[in-house]
Structure formats: structure tokens, C-alpha cells
Amino acid sequence: MKRMSEEKLQAERARLERMREYENAYAACTAICGIDEAGRGPLAGPVAAGAVILPRDCEILFLNDSKKLSEKRREALFTEIQEKAVAWSVGMVGPDVVDEINILQATYEAMRRAIEGLSVRPDLLLNDAVTIPGMDIRQVPIIGGDGKSVSIAAASILAKVTRDHMMREYDGLYPEYGFARHKGYGTAAHIAAIREYGPCPIHRRTFITKFVASGEE
């Protein structure tokens, strides 16, 4: 990584301190877990959720909402988060379940799976905007939380990068759709491929009804 000037380093540390507002507000809790999802909008592939418990005062420079980071930066932070976290987990729910129970319920289920996969039980959940049904752990929903909380930002990166890796693997199985490029989102090229080849096994049938003939669904 290119060496930062002292001025830029101090500015970055000040930004991260502002992103610890919620972690500091609930400092009495011993295991604060950030929760976020990736993949609610795509036409194909799973929805993923990240759950991360960071050590108190953990410093991970450039930690931010995954959507604001380059792919290269996300990949580097993905590794650093895993190395520094007290506990982390990613939950996945496939497209068949998305079709069966709808994307919101599938997102909640992915979040519950992520929490269940943690090696440490959290005593507080900081969630990006939602309250997860069926949880017996205290929850704090934060609108725009992936840009306001270091824990939620870390969860957003784990969810996004894990899902992106999976979509690149699917690209090898179904190369005609271009999953490695668009990760299943509804780009013009992806929609054109659906219309030309029809849906493949990882397409969300309830998301693509207007792009395929009724007999192909």
C-alpha cells in the first residue's frame, strides 16, 4: 500500500472515529456485531449477509460502505477484516428460496444464518436499516449504517466480496450470461442474454418474468 502522508493519515483516523459513534454509544456491550447484506437487487444468484464483531478500537484504514470502494480495495479489506475480527460469518440464501419466500424474508434468513455462524455470541446487533425478526439479541437499526458504523461497514464488505467470488464461480458454469462482470445485476447485456438463452438454474424466476416467455419460467 502506498505510504500516506501524516496529514492524510490523521484525516482518515478522524473519519474512522466518526464511524465508531454507535460502537462508542453502546460501549457497555462486550460483543457488538455489525450486520449488512449484499445482493438484494440482482436477477440471479444468492443474497448474502455479513456479520462481524470487531475488537474495541480496532483500526482498519479505509473501512467504508462497500459500494464506495473499488474492487481492489474491497478485496484487501476483505482479508484484513477476517484477520482482525473477533468473529465473522457470511450467511447465504439461494435464488430458489428467494423465489419461495420473497427477497425481504430471504435477506432476514441470510442475516440469521450469518449470526448463527459466529464463533462468539453477540450481545448487540447493529443492523443496516432493518430489524431482523426472530432474534433474541438486542438490535439497533441504523439507516445508512454501512457508512456510519465500522462494524456494519465491515459486514457489508464481507457480504459483497463473498457474493462476488461466488458469482465469478457461476460465470465458469454459465459463461453466456457474463456473471463475472455484472454479478447478476440487471444490466442491458445480462437482460439480453436472458432473452437469448432463457434463464439458468441460478436466476430468480420471480425477478425475470418480464424478460422471458411464460413457457421458459
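Values in this document were obtained by computation on a predicted structure and should not be read as measured data. Each chain carries its own residue numbering, running from 1 in the written order of its sequence. Where local features are concerned, this predicted model is filtered to residues with pLDDT of at least 70; where side-chain atom pairs are given and counted, the filter is 80 or more; whole-chain, interface and lining totals use all residues. Each side-chain value is derived from all of the structure's non-hydrogen atoms; neither hydrogens nor water enter the calculation.

Caption draft 1: Seen up close, the pairing of strand 1 (residues 32-38). Extensive coverage of strand 1 is indicated by the burial of six of its seven residues. By this definition, two strands are paired if DSSP reports at least two bridges between them. Helix and strand definitions follow DSSP, with helices as H or I runs of at least four residues and strands as E runs of at least two, each counted in order from the N terminus. Examined bridge by bridge, strand 1 and strand 4 (residues 124-128) share four bridges and lie parallel to one another. Across the sheet, Ile32 pairs through a bridge with Leu124, a residue of strand 4. Where strand 1 meets strand 2 (residues 47-53), six bridges bridge the pair, whose relative direction is antiparallel. From the neighbouring strand, Gly34 faces strand 2, where its bridge partner is Val52. The cut-offs for exposure are 20% and 50% of the maximum accessible area for each residue type, with area from a 1.4 Å probe on protein chains only; residues under the lower value are buried, those over the upper are exposed, and the others partly exposed.

Caption draft 2: Structural detail: the sheet that holds strand 5 (residues 139-142). What the five strands build is an open sheet, ordered 3-2-1-4-5; its pairing is mixed. Either end of the sheet is taken by a strand with one partner, and the two such strands are strand 3 (87-93) and strand 5. Averaged over all neighbouring strand pairs, the angle between strand axes comes to 20°, with direction disregarded. In this sheet, strand 5 lies alongside strand 4 in parallel orientation, the contact comprising four bridges. Opposite Asp128, over in strand 5, you have Ile142 as the bridge partner. Throughout, an axis means a line fitted to C-alpha atoms (over the contacting stretch in the case of helices), and angles, computed between N-to-C directions, take values from 0 to 180 degrees.

Caption draft 3: Quick look at helix 5 (residues 103-116). Along its 14 residues, helix 5 runs 20 Å from first to last C-alpha, staying within 8% of the 20 Å computed at 1.5 Å per residue. Looking only at helix 5, the buried set comprises Ile103, Ala106, Thr107, Tyr108, Ala110, Met111, Arg112, Ala114 and Ile115. Looking at the buried residues of helix 5, the elements they touch are strand 1, strand 2, strand 3, helix 4 (95-101) and strand 4. Two N or O atoms form a polar contact when they lie within 3.5 Å of each other; inside protein one atom must be a possible hydrogen donor and the other a possible acceptor, and for residues adjacent in sequence the pair counts only when both atoms belong to side chains. At the N-terminal end of helix 5, a side-chain oxygen is found 3.1 Å from the backbone nitrogen of Leu104, two or three residues along, and the residue is Asn102. By this rule the span expected of a helix is its residue count minus one, scaled by 1.5 Å. Every residue pair with non-hydrogen atoms within 4.5 Å of one another is taken to be in contact.

Caption draft 4: View of empty space enclosed by the protein. Only protein atoms enter the 1 Å grid used here, on which a cavity is any set of points holding a 1.4 Å probe that cannot leave and a pocket is any open set flanked by protein within 12 Å on both sides along at least five of seven lines; residues with an atom within 4 Å of a point are listed as lining. Grid points are joined across faces, edges and corners, and a volume is the space filled by probe spheres set on the points. One pass over the structure, following the stated rule, counts one cavity of 30 Å³ or more. Lining of the largest cavity is provided by Leu16, Arg20, Leu54, Cys58, Ile60, Leu63 and Val150.

Caption draft 5: Fine view of the pattern of salt bridges. Each reported salt bridge corresponds to a side-chain nitrogen of Lys or Arg within 4 Å of a carboxyl oxygen of Asp or Glu. Under the defined criterion, the tally for this structure stands at 13 salt bridges. Across the salt bridge formed by Arg74 and Asp164, the nearest N and O atoms sit 4.0 Å from each other. You can see Arg74 sitting in helix 3 (residues 71-84) and its partner Asp164 sitting in helix 6 (residues 150-173), a full 90 residues away along the chain. With respect to class, Arg74 is no different from Asp164; both count as buried. Where Glu109 meets Arg112, a salt bridge forms, and the shortest distance between an N and an O atom there is 3.2 Å. In this pair, Glu109 and Arg112 are both assigned in helix 5, three residues apart and thus about one turn of the helix distant. Relative accessible area serves as the criterion here: at 17%, Arg112 is assigned to the buried category. Via salt bridges that share partners, Asp65, Lys67 and Asp146 belong to a single interconnected network.

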